[in-house]
Amino acid sequence: MSITLQQILMDTGSSYLGSQLDLTITKASTLNDGDSSSLGFLSNPKYESQVYSSHCGIILVPQDFKLKEPVQSELLYHPNPYFAFCLILTKYFNPNIHNSGYEDGCFIHNSAQCEADYVGRNSYIDGNAKIGKGSKIYPGSYIGKGAQIGENCIIYPNVTIYSGTYIGNNVIIHAGTVIGSDGFGFAPVNGKYLKIPQIGNVIIEDEVEIGSNCSIDRATLGNTIIKTGTKLDNLVQIAHNVEIGEHTVIASQTGIAGSTKIGGYSQFGGQVGIGGHLVIAPHTSAGGQAGITGNVTESHQKLTGTPATDVREFLKGVAGSRKISDILKEMQQLKKEITELKQSKQK
Amino acid sequence: MSITLQQILMDTGSSYLGSQLDLTITKASTLNDGDSSSLGFLSNPKYESQVYSSHCGIILVPQDFKLKEPVQSELLYHPNPYFAFCLILTKYFNPNIHNSGYEDGCFIHNSAQCEADYVGRNSYIDGNAKIGKGSKIYPGSYIGKGAQIGENCIIYPNVTIYSGTYIGNNVIIHAGTVIGSDGFGFAPVNGKYLKIPQIGNVIIEDEVEIGSNCSIDRATLGNTIIKTGTKLDNLVQIAHNVEIGEHTVIASQTGIAGSTKIGGYSQFGGQVGIGGHLVIAPHTSAGGQAGITGNVTESHQKLTGTPATDVREFLKGVAGSRKISDILKEMQQLKKEITELKQSKQK
Amino acid sequence: MSITLQQILMDTGSSYLGSQLDLTITKASTLNDGDSSSLGFLSNPKYESQVYSSHCGIILVPQDFKLKEPVQSELLYHPNPYFAFCLILTKYFNPNIHNSGYEDGCFIHNSAQCEADYVGRNSYIDGNAKIGKGSKIYPGSYIGKGAQIGENCIIYPNVTIYSGTYIGNNVIIHAGTVIGSDGFGFAPVNGKYLKIPQIGNVIIEDEVEIGSNCSIDRATLGNTIIKTGTKLDNLVQIAHNVEIGEHTVIASQTGIAGSTKIGGYSQFGGQVGIGGHLVIAPHTSAGGQAGITGNVTESHQKLTGTPATDVREFLKGVAGSRKISDILKEMQQLKKEITELKQSKQK
């Protein structure tokens, strides 16, 4: 694979001040690792110095980038260099060479409607399931009775999708993830727990991506819903009847307890815990390990800590705790002074 | 499926003051989502107002419920309406239509004793394993050498049960869960780690339910034990030689470190961490994200925070931290006053 | 299996002061559970009293162990009794009786180079994958295109290894683990998220052990790397482009965010969170649930809390928070005294 500088200009709409239109690259690299046949990019200004030391043949830089030192690379200017870099990666360097066809040893129930492009060996598609055009079902994945998967989805190996789950179009689900397992609902009766049947479903809308080894439970009644464009990292827990708004990003090992509704365009760091039966406003963001224990009524808040509070409050709290030993010392000093004042009065 | 009001009275033992015994429902719903053919229920008093706005045909309400406004529904009175609702769900609306029979492509070693009701394709039952009557082994599950599974168990897809694991009767294990993997034990020797063979087992007693993608390790010596009626949510970690008492409930993403013994009838929120080699009294409860770092000797405590303390202590601490900036301000004021007192003396 | 005391002396290099060289044991036990045919050991001095009450036939004790009471057991002295115990366990009591051979229903692509000792039913080895001598691939595992696995590795059931992953020799990977899934990288474009192709790989070096249900993502560019001898517990998350140094130990449910570099010989407790783009010095240790939010530049630190600080600082902070109510009381007292002083002056 050999791509000319001119081709990159055409694919990305970058601007270029030089004349080496025939310069070619053959790979994509970080600024530090690249050589003269690499395409690199600068997005975060804190890595600017790497532009000057980089050996990359071509570097995508921000539109307003001002050169402060000489460089060894040809610079292409773009308003969003990371985006431009992604365009090139996606077009020329995507390593996912997917399989096609229906392999021996896959099982498709005769009442299923399967238009998938690939169904791997040892996968299992049960009765009345529907799978749309262009979708790929990798080996070892299980699609339960009546589950629906839209078009152009990728279900990686060893995924389990329980009966009745609904999945839209262009959804990616990574290996080992489980969707539609029973919600965690038990009624205490005489010191034991009676299982509450979980008769609801899961709805995953279009363009959602779900990482590996996630667990998404079916609703008790109604639906657990993950809306359009939302992205889940690995090992994320979504309990029964949760609703997650559109274009939300949830990092690894975060858990959301039952019946909570998350507004769209939110962002959660890793290992965040969100309590049950809460309503979280759109555009909420929460830092890693935050524990959200109450409703978030105002949108665009940045939360941190447990119980989660606004970041500025939290930092005051941390700074405060560190001042406690100072406070104790000062208090001793004040006591001493007061005692002296009293004694001097008595004299 | 059409169920009359009279049938619900008979199935649940509810009391009813009206006369519409022939009224029928065809589904179960939440109070908000229901229509005239829905059965709903009120359990948590904070949702009482939904009873008045609900369109459900029939609503199960608490025995002592007092009507404050007119309703559109027939009301059935029961001491535990959620329990009564579960009885109806379980009897008429259970969506788990399970498979039966032994499918092509399942593997049962000729030394295994398998009386299971269902063994799915691509499942694997190794030598000397025993599986009791009425149990169901879904596709892609693996049962290791000499593992025992009792009667009427459900092993969902892609579960891995290592050799020697013992599972009682009426146990449910959701997809992707791993039971009997090696405990995390290594002896440091000259800056490297020597693997300590994990030669113990796992015992899962009757009526236990385990969520999806959990990891339960085998013991180094002896057994890791989960006692009767205990329920584990998804993504829970149980380390080697842990013992969990009966009828305990553990929410998602909680982890229990090696050799800890948890008393029965305990309740743990999500993302709780419990240290190793601890003894936790029965009837302990801990809130989400709590970190339990020491023994809990007194039963019936409610713990929270890290290191976990009694909930009331914790709230004092949180309230306290938020007062630090007030304290600092007051301190300044006191200092000023003392200085003034001193100066006035000197004058 | 019957092993004489003399055989244990020869296998472990222990020293023995008695004469019962023909005494035999048939099992390994804890000090509390053992009987006259058990081998036990004492490693942690806090369990010393168990030596005096133990019924074990033979006990391995530290070289410098001083008897304070009579014992019922023969004592063998060794500088590292746990290590010696492991040697005996590994040699005589290892329960992992592994399968061999290529089972019906396994799939090996004709362009793969497979010298494995065992390939289980329902496993899938895709094109150009390489698997070395003595390695074992259990049922339901998936090895993607061009992935390489070295010699004497064990891949337990239902593991997913994505294309291009490189795994060294003597590596153990427990059930349900996923290696090489896409890193969590999305570029925000007009309020939506554009998927950034993850074209890098994962490198797992020799002697690494990875627990069950872990998720290890492939790099965006370059490699995610886990170095020689490192051990990961269950449900651990390793994000794209992370590097973990050699002989590091990471307990269950810990997560490491993207591009962070962890120095060798480090130790992390359970549920630790480590932020992205950090550099952590070698020999760092962090307690359970710690949240590491900044670089750790000095090696050999012991961290705890969130944001993680040195253990001693943290304990001061905790002690401090508990003093806040005392501070508030004392403050009231000081105010009162100042008021009295002022009043007495005015008189």
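Structure shown above.
Small disclaimer: the values here were computed from a predicted structure and weren't measured.

### Regarding the packing of aromatic side chains
Part 1 of the reasoning: Applying the stated criterion across every chain, the model contains 30 aromatic pairs over all chains.
Part 2 of the reasoning: Residues A:Tyr142 and B:Tyr138 carry aromatic rings whose centres are separated by 6.2 Å and whose planes lie at 90° to one another, so their mutual orientation is edge-to-face. Residue A:Tyr142 is found in strand β15 (residues 142-143), and its partner B:Tyr138 is found in the loop between β13 (136-137) and β14 (142-143); the two belong to separate chains. The two residues A:Tyr142 and B:Tyr138 agree in class, both being buried.
Part 3 of the reasoning: Ring pairs connect the aromatic residues A:Phe107, A:Tyr124, A:Tyr142, A:Tyr162, B:Tyr118, B:Tyr138 and B:Tyr156, which therefore count as one cluster.

### Overview of the interface of chain B and chain C
Many authors give the size of an interface as the accessible area that is lost as the parts come together.
Part 1 of the reasoning: In this complex, chain B contributes 64 residues to the contact, which on the side of chain C involves 63 residues.
Part 2 of the reasoning: With both sides pooled, the region where chain B packs onto chain C buries about 4900 Å², and carbon together with sulfur makes up 62% of that total.
Part 3 of the reasoning: The three residues of chain B that bury the most area against chain C are B:Phe184, B:Tyr193 and B:Leu221, which together make up 14% of that side's buried surface.
Part 4 of the reasoning: Here chain B and chain C share 1 salt bridge between them.
Part 5 of the reasoning: B:Lys195 is paired through a salt bridge with C:Glu209; the nearest N and O atoms lie 2.9 Å apart.
Part 6 of the reasoning: Viewed at the interface, chain C and chain B are joined by 29 residue pairs in polar contact (both at pLDDT 80 or more).
Part 7 of the reasoning: At the level of secondary structure, the elements contributing two or more residues to the side of chain B that touches chain C comprise β20 (178-181), β21 (186-189), β22 (192-195), β25 (215-217) and α4 (311-346) of chain B.
Part 8 of the reasoning: No other element matches α4(B), which puts 12 residues into the side of chain B that touches chain C.
Part 9 of the reasoning: For the side of chain B that touches chain C, the class distribution of residues is 29 nonpolar, 26 polar and 9 charged.

### Let's talk about the sheet that holds strand β6 (residues 58-62) of chain C
Residues and elements named next belong to chain C.
Part 1 of the reasoning: With mixed pairing, 5 strands are arranged side by side in an open sheet as β2-β7-β6-β5-β4. Each edge of the open sheet is held by one strand with a lone partner, namely β2 (15-16) and β4 (27-28).
Part 2 of the reasoning: Strands β2, β5 (38-41), β6 and β7 (74-78) of the sheet are contacted by helix α1 (residues 5-12), whose axis makes an angle of about 5° with β7.
Part 3 of the reasoning: Contacting β4, β5, β6 and β7, helix α3 (residues 81-92) runs over the sheet at an angle of about 150° to β5.

### Observations regarding the relation of the copies chain B and chain C
Part 1 of the reasoning: Aligned on chain C, chain B shows an RMSD of 0.1 Å; the corresponding rotation is 120° and the shift along the axis is 0.0 Å. Each copy turns onto its partner about a three-fold axis.

### Brief notes about the interface of chain B and chain A
Part 1 of the reasoning: On the side of chain A, 65 residues touch chain B, which itself brings 63 residues to the contact.
Part 2 of the reasoning: Approximately 5000 Å² of surface area, both sides summed, lies buried where chain B meets chain A, with 62% of it carried by carbon and sulfur atoms.
Part 3 of the reasoning: Our count for the chain B to chain A interface comes out at 1 salt bridge.
Part 4 of the reasoning: Linking chain B with chain A are 29 residue pairs in polar contact (both at pLDDT 80 or more), by the criterion used here.

### Here's the deal with the pattern of salt bridges
Part 1 of the reasoning: On inspection of all chains with the given rule, the structure shows 25 salt bridges over all chains.
Part 2 of the reasoning: Two residues, C:Asp117 and C:Lys136, come together in a salt bridge whose shortest N-O distance is 2.3 Å. Residue C:Asp117 is located in the loop between β10 (113-114) and β11 (118-119), and its partner C:Lys136 is located in strand β14 (residues 136-137); the two are separated by 19 residues in the primary sequence.
Part 3 of the reasoning: For C:Lys136, a relative accessible area of 12% corresponds to the buried category.
Part 4 of the reasoning: When salt bridges that share partners are traced, they join A:Asp182, A:Lys195 and B:Glu209 into one network.

### What to know about unusual backbone geometry
All names here are of chain B.
Part 1 of the reasoning: Along the chain, Thr306 connects to Pro307 via a cis peptide bond; the corresponding omega equals -10°.
Part 2 of the reasoning: Looking at the secondary structure, you find Pro307 in the loop between β38 (302-304) and β39 (309-310).
Part 3 of the reasoning: Its identity is not glycine, yet Asn190 carries a phi of approximately 55°, on the positive side.
Part 4 of the reasoning: For Asn190, the location among the structural elements is in the loop between β21 and β22.
Part 5 of the reasoning: One non-glycine residue with positive phi stands out, namely Leu235, at about 60°.
Part 6 of the reasoning: The residue Leu235 is located in the loop between β27 (231-232) and β28 (237-238) in this model.
Part 7 of the reasoning: Exposure remark for Leu235: the relative accessible area of 2% places this residue in the buried category.

Rules and cut-offs
- Residue numbers run consecutively from 1 along every chain, following the written order of its sequence.
- Lettering for chains starts from A, numbering for ligands starts from 1, and both go in the order in which the items are written.
- Local features in a predicted model are, by the rule used here, given only for residues with pLDDT of at least 70; side-chain atom pairs are given and counted only at 80 or more, and totals for whole chains, interfaces and linings are based on all residues.
- Just so you know, side-chain values use all the structure's heavy atoms and leave hydrogens and water out.
- Put simply, two rings from Phe, Tyr or Trp (the six-membered ring, in Trp's case) pair if the centres are within 6.5 Å, and we call them stacked under 30 degrees between planes, edge-to-face over 60, tilted for the rest.
- Put simply, DSSP marks the helices as runs of H or I at least four residues long and the strands as runs of E at least two long, and each gets a number from the N terminus on.
- Burial here depends on accessible area, computed with a 1.4 Å probe over protein chains only, as a share of the maximum for the residue type. Under 20% is buried, over 50% is exposed, and the range in between is partly exposed.
- Any two residues whose heavy atoms approach within 4.5 Å are treated as being in contact.
- Put simply, buried area is the surface a 1.4 Å probe can reach on two separate parts but cannot reach once they are joined, added for both.
- Basic side-chain nitrogens of Lys or Arg form a salt bridge, by our definition, when they fall within 4 Å of a carboxyl oxygen of Asp or Glu.
- We call two N or O atoms a polar contact when they sit within 3.5 Å, provided that within protein one can donate a hydrogen and the other can accept it, with sequence-adjacent residues counted only if both atoms are side-chain atoms.
- Put simply, Ala, Val, Leu, Ile, Met, Phe, Trp, Tyr, Cys and Pro go in the nonpolar bin, Asp, Glu, Lys and Arg in the charged bin, and everything else, Gly too, in the polar bin.
- Two strands form a pair only when DSSP identifies at least two bridges running between them.
- Every axis in this analysis is a line fitted to C-alpha atoms, fitted for helices over the stretch in contact. Angles between the N-to-C directions lie between 0 and 180 degrees.
- Least squares is the method used to superpose the copies, on C-alpha atoms of residues holding a pLDDT of at least 70 in both.

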